[in-house]
Structure formats: C-alpha cells, structure tokens
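# Coordinates in review
One-letter residues, chain by chain:
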Amino acid sequence: MAEQELTLHEIVQRLPHAETAQMGADLWPRIAAAHLQRLRRRRVRRLAGFGLAAAAVVAVALAVPAWLVKSAPAVDWQARAQALEVQLDAMAARSDNNGVVDAELARIDAALQSAYDRGAAKNELVPLWKQRSDLLGALLTARQQQVTLTRI
Amino acid sequence: MNAASDPAAGFAREVEAMILARAQRGDMQAFAELYRYFGRACFQLALRILGQRQHAEDMVHEIFLKMMDTIKSYRGDAPFGAWLKRLTVNACIDQLRRTRHPAEDDAELAFATAQSADAEAADIVDTGALLARLPPRARAVVVLHELEGYTHTELAGLFQQSESYSKSVLARALKRLNALVSATPMSAQVLPWPNKN
C-alpha cells in the first residue's frame, strides 16, 4: 500500500471513534447526590459556626461585666478611705466634730462590718468602701476649707 | 470527525440564559440540564486526555461538582461551553500532575518506557485505543494541541514546562502514533496539523 501522509486529525477520522466508552447512566444521580450532601454538610458547618459564634458572644457578654467588677479597684477604695482617715485624724485636733458626718460614717462602718461578718462578696464591699472614701474625701475637703459639712 | 462525535461540538452548544440564571441560583433541575447538554462532551474530552473510562467518569463527577460550586462566578464573558471546557482541561491536567511520574518531566524519558509500536498495533481498533498507547502527558499534549487547538504557549503554561518541552513531547508522540498506525493495515504517516505554533 502506498504510504499516505495524514495528520492526526485525519487518522482520528479514519479510526472508529471511541464511542464504545459510555458514561455510567447513574453518573448524574451520583453527582447530584454528592452535591446535595456537600450542601447539607456546609449548612451544618455554617449552623455550627453560627452556634459557636453565638455562644462566644454570650460568654463574652457574661464574662465582661464579671471581669469589670473583678478588675474594679476595690482595694483602691479601701486604701483611699484609710489614707483619707489618716489625713482627717491629723486635722481632727483643729476641727469641730460634725455629727451628721459621724453618723453617716458610723452607718457605713456598721454596714461594712456586717458585710465582712457575712463573708460578703467583693461586689457588695466595693460600693461600701466607695461610699466611705467619698464621705471622708468630702469631709477632708470641707475641713481644709474650714466649712461645715451638713449634707452628704 | 462529524459534529455528533466531536466533544467540541458538545461544548459549542448554546445554553439558554434562563437555565444559566437558574443554575446560578442553585437550581438542581438547571444543573441536570447542563449535565444533559455537556456531560458527554466533558466525558469524551476527559477520556481522551486521561485514557481510562473510570478516570474520565471520576473526572466528570469532579468537574460538575466544581461547576456547581463556581457557576456563580461565571460572568458570561465567554460561552458557557468554553468556560466548562476550560474547567475540564484544567481539572484533567491537575489530575495528570497529581499522578505524574517524575520521568514525564523529561520528554525522552517519558517515551523510553513505552512498549514497542509493533507489539501494540494489533490492539488499535479506535481513536481511544490509539491515544491510549501514549504516555499520559504525551496523550494530553496530542489531544489538546491536535484536537482542541491549544498552542504550545498555552500547553507550556498548563504543564508548567517550557514550550520546547511541549513541542518535543508532541513530535515524539506523533512519531510514535505514526509508527503504530503504519503497523496497522491502514498504513499512514502522522504529521502535526499545520499552522500551530
């Protein structure tokens, strides 16, 4: 047979085409099922992610106030009140007694004592120490200005 | 090659805008339509490149899952069939890369392990059988360059090799096909298509 020059395209044309190889008839159902399964998995992952995010938000919302309370300067109020008391004691000799303030101080001290006796938590003690600190601060200021504190 | 048997004809099919719009919204019936339009073309192209029916079927599975994930990014700049064909070729090349033998990076070594042409000629009964006699990468280069119109520049990019690698693989593949076809009753000499770089 005389040798004939052919391109690959021509050879492919002359050979029977590979039509014998057919896709499985169940291929599309398998693809569709895999796609739907992936969608379901993604939805579950999204929901789980949303749930985790929501839980994290709730946890943060709960933790932050506790952290704020915990980090509130409880010791500062107590230390400040004590420091003010020392200053007031130093000035006491040249100042008049103030009955209203003394009564208020006594009330706060009683409340503090009661709270400590009960083993009260910091969030109960801190406001009392703050009240005491504020009162002493006001009293100190009043004494420095030589005025009488009549109202808290 | 007649249009009915040419996978490219399948990829050239036009798709109604409504079907594409529904598919982009995730409508399964629209996806099924697209599979009906292009599934066979994808399979035939994957079969030619990968050489095995099971691999081609797995590839169609992978391609359509990927298409359903990415169709929202299809902007309609090119016909949908061309977009899907590009997806198919890329997926097949990725598959070849995943399973490649280091020797295939060398055009000479890629053919060195191939059996003699004479011993296989009797088995060649169709195009698939002819192309199946080539090493995987050489088969992909022949299919994409000779049948799908890819240039050596494009092939170099796809295979992350030089253009001279692609040209060398093609020349050797055609020589081998020529030897195979010459050994069959239909004596022929295989030459590259003209006007390709």
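Residues numbered from 1 in each chain as written. Chains lettered and ligands numbered in written order. Predicted model: local features only at pLDDT ≥ 70, side-chain atom pairs only at ≥ 80, totals over all residues.

Take the overall build of chain A next. Looking only at helices and strands, one finds 5 helices and 1 strand in chain A. Secondary structure elements of chain A, listed N to C terminal, follow the sequence β-α-α-α-α-α. At a minimum sequence separation of 6, the contacts of chain A that also span at least 24 residues come to 75%. (Helix = DSSP H or I, 4+ residues; strand = E, 2+ residues; numbered from the N terminus. Contact = placed C-beta atoms within 7 Å.)

All names here are of chain B. Between helix H9 (residues 136–147) and helix H11 (residues 163–182), whose axes approach to 9 Å, the crossing angle comes to 95°. When the interaxial angle is binned, H9 and H11 end up roughly perpendicular. Between H9, through Arg137, Ala138, Val141, Val142 and His145, and H11, the contact on the second element is made entirely by Ser166, Val169, Leu170, Arg172 and Ala173. When grouped by side-chain class, the residues that make up the contact of H9 with H11 number 6 nonpolar, 2 polar and 2 charged. (Axes fitted to C-alpha atoms, helices over the stretch in contact; angles between N-to-C directions. Parallel < 35°, antiparallel > 145°, perpendicular 65-115°, else oblique. Nonpolar A, V, L, I, M, F, W, Y, C, P; charged D, E, K, R; others polar.)

Further remarks concern the nonpolar core. Residues Cys42, Ala46, Val60, Val141, Val142 and Ala173 of chain B are the most contacted members of the largest nonpolar core, which totals 53 residues. When residues of this core are traced back to their parent elements, those giving at least two are helix H3 (28–50), helix H4 (53–70), helix H5 (80–98), helix H8 (127–131), H9, helix H10 (152–159) and H11 of chain B. The greatest single-element share of this core, amounting to 13 residues, is contributed by H3 of chain B. Inspection of this core shows a minimum of three residues originating in each of domain 1 (7–98) and domain 2 (102–182) of chain B. The contacts of Val141 of chain B, once residues within four sequence positions are left out, are Leu155, Ser166, Val169, Leu170 and Ala173 of chain B. Grouped together as the second largest cluster of nonpolar side chains are 9 residues, Leu84, Ile108, Leu136 and Leu139 of chain A included. (Core = buried A, V, L, I, M, F, W, Y, C linked by C-beta atoms within 7 Å. Buried ≥ 20, exposed ≤ 12 C-beta atoms within 10 Å, placed from the backbone. Domains from an automatic or database assignment.)

Per-residue pLDDT for chain A has a mean of 77; in total, 72% of the residues score no lower than 70. The low-confidence segment residues 1–5 of chain A (pLDDT under 50) makes 6 contacts with residues lying over four places distant or belonging to another chain. (pLDDT = per-residue confidence, 0-100.)

Another point: H10 of chain B. All names here are of chain B. Among all positions in H10, only Leu155, Leu158 and Phe159 are buried. The buried residues of H10 all sit within an arc of 85° when viewed along its axis, so they share a single face. Here the buried face of H10 lies against H5, H9 and H11. (Arc of directions from axis to C-beta.)

This next bit is on the packing of H3 of chain B against H4 of chain B. Residues and elements named next belong to chain B. Here H3 crosses H4 at 140°, and the two axes come no closer than 8 Å. In this view, H3 runs oblique relative to H4, as classed from their interaxial angle. Judged by the twist between their axes, the crossing of H3 over H4 is right-handed. Here Phe31, Tyr35, Gly39, Cys42, Phe43, Ala46, Leu47 and Leu50 of H3 lie close against H4, whose contacting residues are Arg53, His55, Ala56, Glu57, Met59, Val60, Ile63, Phe64 and Met68. Each residue belonging to the contact of H3 with H4 can be placed in one class, and the counts come to 13 nonpolar, 2 polar and 2 charged. (Left-handed = near helix turned anticlockwise from the far one by under 90°.)

What follows concerns the environment of Gly39 of chain B. Looking at the element boundaries, Gly39 of chain B is found in helix H3. The partly exposed category is assigned to Gly39 of chain B, around which 19 C-beta atoms lie within 10 Å. Distance in space between the C-alpha atoms of Gly39 of chain B and His61 of chain B is 9.3 Å, their sequence separation being 22 residues. If we ignore the near neighbours within four places in the chain, the residues touching Gly39 of chain B are Met23 and Trp28 of chain A together with Val60 of chain B.

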